[in-house]
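Next come the chains, spelled out residue by residue.
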Amino acid sequence: MDYRFVGARCTLAFGKYPEVTLANARDKHLSARKLLDQDIDPSEDKEDRARTLAEEHANTFEKLAR
């Protein structure tokens, strides 16, 4: 999906075809458009969610024990 955010051209990918169905890609596109309507950059939101998920899984017992 190509879009402009604060005057800059951006591209957002939803995944490869066999892994992501057309219906799923349409849902993701719709949710990205809703974020743009709220003045939120969809790619930054995607990165924030991935970072949060990685931080949640990074606190394993082994890492905390060391």
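Scoring rules and cut-offs
Residues numbered from 1 in each chain as written. Predicted model: local features only at pLDDT ≥ 70, side-chain atom pairs only at ≥ 80, totals over all residues. Heavy atoms only, no water. pLDDT = per-residue confidence, 0-100. Helix = DSSP H or I, 4+ residues; strand = E, 2+ residues; numbered from the N terminus. Contact = heavy atoms within 4.5 Å. Polar contact = N/O pair within 3.5 Å; in protein donor to acceptor, adjacent residues only side chain to side chain. Core = buried A, V, L, I, M, F, W, Y, C linked by side-chain atoms within 4.5 Å. Buried < 20%, exposed > 50% of the residue type's maximum accessible area, 1.4 Å probe, protein only.

1. Quick word on the confidence of the model for the protein chain
- Averaged over the protein chain, the pLDDT score is 90; the fraction of residues at 70 or greater is 100%.
- Summarising per-element confidence for the protein chain, the mean pLDDT is lowest in helix α3 (residues 61-65) (75) and highest in helix α1 (residues 22-37) (95).

2. Side note on the environment of Cys10
- With respect to the helices and strands, the residue Cys10 is situated in strand β2 (residues 8-11).
- Sequence spacing of Cys10 and Glu47 is 37 residues, and the spatial spacing of their C-alpha atoms is 14 Å.
- With sequence-adjacent residues up to four places away left out, Cys10 is seen in contact with Met1, Asp2, Tyr3 and Phe5.

3. Things to note about the side chain of Ser43
- Turning to its location among the elements, Ser43 is positioned in helix α2 (residues 42-58).
- Engagement of the side chain of Ser43 in a polar contact is seen with the side chain of Tyr3, the distance being 3.2 Å.
- Here the side chain of Ser43 touches Asp41 through a polar contact of 3.3 Å, side chain to side chain.
- The residues contacting Ser43, other than those within four sequence positions of it, are Tyr3 and Leu12.

4. Structural notes on the nonpolar core
- Within the largest apolar cluster, seven residues are counted, these being Met1, Tyr3, Cys10, Leu12, Phe14, Ala32 and Leu36.
- With sequence-adjacent residues up to four places away left out, Ala32 is seen in contact with Met1, Leu12 and Pro42.

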